[in-house]
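Examination of the molecular architecture
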Amino acid sequence: MARSYIITIASEKGGVGKTTLATNLAIYLRALAEDLPVTLFSFDNHFTVDQMFRFTKVVENHHIGEVFTGVNPVELVRDGQYGVNYIPSSRTLFETQNQVQGIDHLARIISQSALQGIVIIDTSPTLDIYTRNALYTADRVIVPIKDAPSLENCRNLASFLQQQQRPKAVLKLLPCLIDTRIHFDGPFRNSYQLLKAYAINRGYRCFDGFIAKSPKVESLSTNPEGKIYPVITHGRQTDVHLQLTHLARQVYLDYLEQGPTRLNEVANDLYEQQESFLKGYNTRVEKIHPTCLACGISHPETGVWPNAWFVENESGQLSGFIEENCLFDMLLTDCYPELSGKDPKKLLQEILLDSTGSTLLLLQKTPIDEQRVQIALFRLDPQGEKISGRQRSVKKHKRFQMRGKPGVLNIFELIDQESTSRQQCLLLRPAGNQPLKMLHHHNYLEWKTIFDRVQIDLQLEAATAETQ
Ligand SMILES: Nc1ncnc2c1ncn2[C@@H]1O[C@H](COP(=O)(O)OP(=O)(O)OP(=O)(O)O)[C@@H](O)[C@H]1O
Ligand SMILES: [Mg+2]
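In short, a report on the structure. Here the structure is a predicted model, which is why all the values come from computation and not from measurement. (Residues numbered from 1 in each chain as written. Chains lettered and ligands numbered in written order. Predicted model: local features only at pLDDT ≥ 70, side-chain atom pairs only at ≥ 80, totals over all residues.)

1. Here we look at the overall build of the protein
To keep things clear, this is the line we draw: Under the scheme used here, helices are H or I runs from DSSP no shorter than 4 residues and strands are E runs no shorter than 2 residues, and both carry numbers assigned from the N terminus. Here exposure depends only on C-beta density: within 10 Å of a residue's C-beta, 20 or more other C-beta atoms make it buried, 12 or fewer make it exposed, and intermediate numbers make it partly exposed, the C-beta atoms being placed from the backbone. What counts as a contact here is a pair of residues whose C-beta atoms, placed from the backbone, lie within 7 Å.
Across its full length, the protein holds 16 helices and 14 strands. In terms of overall dimensions, the protein has a C-alpha envelope of 95 × 50 × 40 Å along the principal axes. A total of 468 residues make up the protein; the buried ones form 37% of that total. When contacts within the protein are restricted to residue pairs at least 6 apart in sequence, those whose partners lie at least 24 apart make up 70%.

Here is the structure:
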C-alpha cells in the first residue's frame with residue numbers, strides 16, 4: 001500500500017512563518033511535480049489554510065478534529081485552489097484534545113488510510129497533543145527560525161523526537177523572516193549566516209538558503225478582498241519566490257530519496273502489535289474452561305451463552321464463564337439464604353446488579369478450620385472498590401446445595417488443589433451479548449488492571465487485620 005510522506009512544520013515560537021511556509025510550500029511542491037498529490041492541514045486555530053485554498057465561502061461541516069473520532073481522513077480531504085488538497089480546520093481542537101489517544105494516534109490513522117503523495121501539517125506554537133502527533137508522524141520536520149530565541153526553542157522539539165527514537169536527520173531548520181538589509185562586520189555578514197552557524201554549532205541540520213522578510217509577502221494576507229494570496233501568484237517578483245522554489249526542490253528531492261518511511265514503520269509496528277494482540281486473545285480463548293463453571297454444561301458451539309458472567313481467579317489459572325442463572329442460584333443459597341418471597345432470584349439480581357452493567361462481584365474463600373470455610377461476597381464499583389458485602393461460614397463438605405445443585409465451593413474446587421489451604425478469590429462480571437469480547441486485548445487489560453487493584457486492596461486489608 002502506497003503511503004504518504006509527511007512534512008510537519010513546527011516551532012514553539014509564534015509568528016516565525018510556519019503557516020506562510022506550510023501553505024506556500026504546498027503550492028510550490030504542486031508546481032514542481034504536477035502529478036504529486038499534496039494535502040495540507042493545520043492544527044493551528046487560525047483559518048489561513050481554509051481562506052487560502054477553499055473555492056467558495058461555503059461553511060464546512062467537517063474538520064481535521066474528526067480524524068480522531070474515526071472518520072477516514074480521505075473523506076475529509078477537499079479539492080483546493082492551486083491544485084492543493086486540504087482538510088478544513090477546526091475551531092474546537094482545544095476542547096476535543098481528550099479524543100486524541102496518545103501521541104501516535106494520527107500516525108496510526110494516516111498509516112491505514114489511502115492518503116497519497118505529500119502531506120504537510122501546520123501546527124500551533126505549542127507542544128500540545130496535536131503538535132506531538134504531527135511530530136511523531138513526520139518523515140521531515142521543518143522548523144522555521146527567525147532569531148536566536150526561536151533557535152533556542154528548537155530544543156524541546158529535538159528532544160521530543162529523540163525520545164521517540166526518530167533519527168536526528170528528520171529535523172531540519174530553515175531561517176525565515178530574515179531581514180537582508182541588516183549587515184554585520186566579521187565572519188557572518190548577515191543574520192542568515194549567523195543563525196545557520198549557530199544552528200550547525202548546536203548540531204542541527206539546515207536547509208540550504210532561507211526565506212527573506214518581504215513587505216510584499218506580508219501584504220498578501222491583508223487586502224480589501226479579505227483573501228490570503230500565495231507568493232507564486234502575487235509575489236513572483238520577490239526574492240521569496242525564488243527562495244521558496246529552491247526550498248521546494250530540496251524538499252521534493254528528499255521525498256524522492258527517502259519515500260514515506262515513517263508511515264510504513266508505523267504500519268509495520270501496528271501489524272506486529274495486532275498479531276501479538278491476536279496471539280494473546282487466542283491463548284486466553286484456549287484457556288477458557290470448556291463448560292459453565294457451575295452446572296458443567298458445555299458452551300454452545302457458537303460461543304457462550306448470551307447472559308454469561310466472566311470469572312477468573314487471582315492467578316488467572318481458572319478462567320471461564322458461568323451462566324447467570326446458575327450464578328444467582330448458588331449465590332442465593334450460599335450467600336443470601338434469608339431471601340425469600342415470590343421470586344428471590346429477581347430480588348437478588350436487584351440487589352447485586354448495576355443498571356449500567358458494570359457490576360463487579362468478588363467471591364472470597366478463607367479457610368476457618370478443618371471443617372469450615374468462610375465465603376464472602378462483595379459488590380465492587382467499576383474501579384474495583386468495595387461497595388457492600390457479606391460473609392458466611394460454610395461447611396467444607398457442603399459443596400453441593402440441596403437438590404444436588406452446585407455451590408460456590410464447587411467453583412473454588414476447580415482451582416489448583418494445592419492452594420486450597422489459603423485464602424482465594426474470584427472476580428466476576430457480566431460479559432454481555434458477546435462474552436468473548438472480554439478477552440480482547442484492551443478489555444482484558446482493563447480487567448487485569450482492576451483485578452490487580454482488588455488484590456492489592458485485599459493484601460492491605462489482610463496486613464491491617466494481622467496487625468490488629
Ligand atoms: N517572508 C515573510 N515576509 C514578511 N512577512 C512574513 C513572511 N512570512 C510570514 N510573514 C508574516 O509574518 C506573520 C506570521 O506569519 P505566520 O502566520 O506564517 O507565522 P506562524 O509561525 O504560523 O504564526 P503562529 O505561531 O501564530 O501560528 C504573518 O503576518 C505573515 O504574513
Ligand atoms: Mg500559524
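2. As for the pairing of strand 12 (residues 372-380)
Successive residues of a regular strand alternate their side chains across the two faces of the sheet. Keep this limit in mind: When DSSP finds at least two bridges between two strands, those strands are taken to pair.
Pairing geometry for strand 11 (residues 360-367) and strand 12, over eight bridges, is antiparallel. Counterpart to leucine 362 in the pairing with strand 12 is phenylalanine 378. Turn length for the strand 11-strand 12 hairpin, with the two strands adjacent in sequence and antiparallel, is four residues. Where strand 12 and strand 13 (residues 386-395) come together, nine bridges link them in antiparallel fashion. Residue pairing across strands places isoleucine 375 opposite arginine 392, the latter belonging to strand 13. Hairpin connection of strand 12 to strand 13: five residues between the antiparallel strands, including glycine 384 at a positive phi of 95°.

3. Description of the packing of helix 13 (residues 324-334) against helix 14 (residues 344-352)
Heads up, the rule is: For helices, the fitted line uses only the C-alpha atoms of the stretch in contact; every axis is such a line through C-alpha atoms, and the angle between N-to-C directions lies from 0 to 180 degrees. An angle below 35 degrees is read as roughly parallel, one above 145 as roughly antiparallel, one from 65 to 115 as roughly perpendicular, and any other as oblique. Three categories are distinguished: nonpolar for Ala, Val, Leu, Ile, Met, Phe, Trp, Tyr, Cys and Pro, charged for Asp, Glu, Lys and Arg, and polar for the others, with Gly belonging to the last.
Remark: helix 13 packs on helix 14, axes separated minimally by 10 Å, with the N-to-C direction vectors making an angle of 95°. Classified by the angle their axes make, helix 13 and helix 14 are roughly perpendicular. Listed contacts from helix 14 to Phe328, Leu331 and Leu332 of helix 13 are Pro344, Lys345, Leu348 and Gln349. Classifying every residue of the contact of helix 13 with helix 14 by side-chain character gives five nonpolar, one polar and one charged.

4. Brief notes about the site of ligand 1
Counted only if it meets this: For each residue, a C-beta atom is placed from the backbone, and the residue counts as near a molecule or strand when that atom lies within 6 Å of it.
Taken together, 17 residues sit near ligand 1, with Gly14, Lys18, Thr19, Thr20 and Glu218 positioned nearest. Put simply, the parts of the chain that give the shell around ligand 1 at least two residues each are helix 1 (18-32) and helix 9 (215-219). Of the residues that constitute the shell around ligand 1, the class distribution is six nonpolar, seven polar and four charged.

5. Re helix 1
For clarity, the cut-off: The span one expects for a helix is its residue count, reduced by one, times 1.5 Å.
For helix 1, spanning 15 residues, the distance from its first C-alpha to its last is 21 Å, which sits close to the expected 21 Å at 1.5 Å a residue. The element helix 1 is largely enclosed, with a buried count of 13 among its 15 residues.

6. Topic: helix 12 (residues 261-287)
Helix length check: helix 12 (27 residues) gives 39 Å between terminal C-alpha atoms against 39 Å at 1.5 Å per residue, within 8%. Within the sequence span of helix 12, burial applies to Arg262, Leu263 and Val266. Where helix 12 is buried, its residues contact strand 1 (5-9), helix 4 (105-111) and helix 5 (129-137).

7. What to know about the sheet that holds strand 12
Neighbouring strands of a sheet are bound in pairs by backbone hydrogen bonds; such pairs are parallel or else antiparallel. Ordered in space as 10-9-14-11-12-13, the six strands form an open sheet in which the pairing is antiparallel. Both outer strands of the open sheet, strand 10 (319-323) and strand 13, are each paired with one neighbouring strand and no more. Between one strand axis and the next, the sheet turns by 25° as a mean value, whatever way the strands run. Here helix 16 (residues 441-467) sits on the sheet in contact with strand 9 (308-313), strand 11, strand 12 and strand 14 (424-430), set at roughly 140° to strand 14.

8. Notes on the nonpolar core
This is how it is decided: By convention in this section, buried Ala, Val, Leu, Ile, Met, Phe, Trp, Tyr and Cys residues joined through C-beta atoms within 7 Å make up a nonpolar core.
Ranked by size, the top nonpolar core spans 75 residues in total, and within it Leu25 and Ile120 carry the most contacts. Per-element accounting of this core gives the leading share, seven residues, to helix 1. Ignoring anything within four residues of it in the chain, the contact list for isoleucine 120 reads Ile7, Ile9, Ala22, Leu25, Ala26, Val38 and Leu40. If you look at the next biggest cluster of nonpolar residues, it comprises 39 residues, including Phe328, Val373, Phe378 and Leu409.

9. What to know about the environment of alanine 10
With respect to the helices and strands, the residue alanine 10 is situated in the loop between strand 1 and helix 1. Put simply, alanine 10 and arginine 392 are 382 residues apart on the chain and 64 Å apart in space, counted from C-alpha to C-alpha. Once you skip the residues sitting within four places of it in the chain, alanine 10 turns out to touch Lys18, Thr123, Thr131, Ala134, Leu135, Val141, Val143 and Leu157.

10. Observations regarding the sheet that holds strand 5 (residues 118-122)
Taking strand neighbours across the sheet as the criterion, the eight strands line up as 3-4-2-5-1-6-7-8 in an open arrangement whose pairing is mixed. Whereas interior strands pair on both sides, the edge strands pair on one side only; in this sheet they are strand 3 (78-79) and strand 8 (205-206). Pairing geometry for strand 7 (residues 171-175) and strand 8, over two bridges, is parallel. Along strand 8, the bridge assignment pairs lysine 172 with arginine 205. Packed onto the sheet, helix 5 meets strand 1, strand 5 and strand 6 (140-145) and runs at close to 140° relative to strand 1.

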